[in-house]
Amino acid sequence: MDFNQPITDLEYYVTRQNGTEAPFTGKYWKFDEPGIYVDIHDGQPLFLSTDKFYSSCGWPAFSKAIQGSTIEKSDFNHGMIRTEVRSESADSHLGHVFDDGPKETGGLRYCINSAAVRFIPLADMEKEGYGKYIPQIEAKLK
């Protein structure tokens, strides 16, 4: 996948201007295929599909990020106290993390904008350079 291709206005707004796509509109909020979600700017691996769960929040929700892939910052915008999630390498705004996720997977809900990530299907992960994550996904699919 070419990560040097132009991004859309919405992708720029979300990742570089700390924006948010409208709820229930992103291409991945109701998407359920095995694979990996990566940063749209540099392809950094961020989330495995096996850590994705349905949440009624209107955005894709994950129980955890790939270790070392994200950083968290306090966010006091819009009269709220939240924890912002950014990609570690490209410093892309991804969304926010909340402590109301499934207890059995750690209790976190990473609420992520579809416009901030690209999905690489399991069948394409090896050729796209994400082969080392395949065993983690396949183990949870069994």
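Structure's up top.
(A) The arrangement of the packing of aromatic side chains in detail. Per the counting criterion, the structure on display carries 10 aromatic pairs. Judged by centre distance (6.3 Å) and plane angle (50°), the rings of Tyr28 and Phe119 are tilted. With a gap of 91 residues between them, Tyr28 in the loop between α1 (9-16) and β1 (35-39) and Phe119 in strand β9 (residues 117-121) connect regions that are remote in the sequence. Given the relative accessible area of 8%, Tyr28 is considered buried. With a centroid separation of 4.8 Å and an interplanar angle of 70°, the aromatic rings of Phe31 and Phe119 are classed as edge-to-face. Residue Phe31 is found in the loop between α1 and β1, and its partner Phe119 is found in strand β9; the two are separated by 88 residues along the sequence. A residue is classified by how much of its surface remains accessible, and Phe31, at 25% relative accessible area, is partly exposed.

(B) α1, seen in detail. Along α1, the positions that sit buried rather than exposed are Glu11, Val14 and Thr15. Across the axial projection of α1, the buried residues extend over an arc of 85°, all falling on one side. Buried residues along α1 sit in contact with β6 (82-87), β7 (93-98) and β9. Of the residues flanking the end of α1, it is Asn18, one or two places downstream, whose phi is positive at about 55°.

Quick notes on the rules
- Residues numbered from 1 in each chain as written.
- Predicted model: local features only at pLDDT ≥ 70, side-chain atom pairs only at ≥ 80, totals over all residues.
- Heavy atoms only, no water.
- Phe/Tyr/Trp six-rings, centres within 6.5 Å; stacked < 30°, edge-to-face > 60°.
- Helix = DSSP H or I, 4+ residues; strand = E, 2+ residues; numbered from the N terminus.
- Buried < 20%, exposed > 50% of the residue type's maximum accessible area, 1.4 Å probe, protein only.
- Arc of directions from axis to C-beta.
- Contact = heavy atoms within 4.5 Å.

Don't take any of this as a statement about function, it's just geometry.
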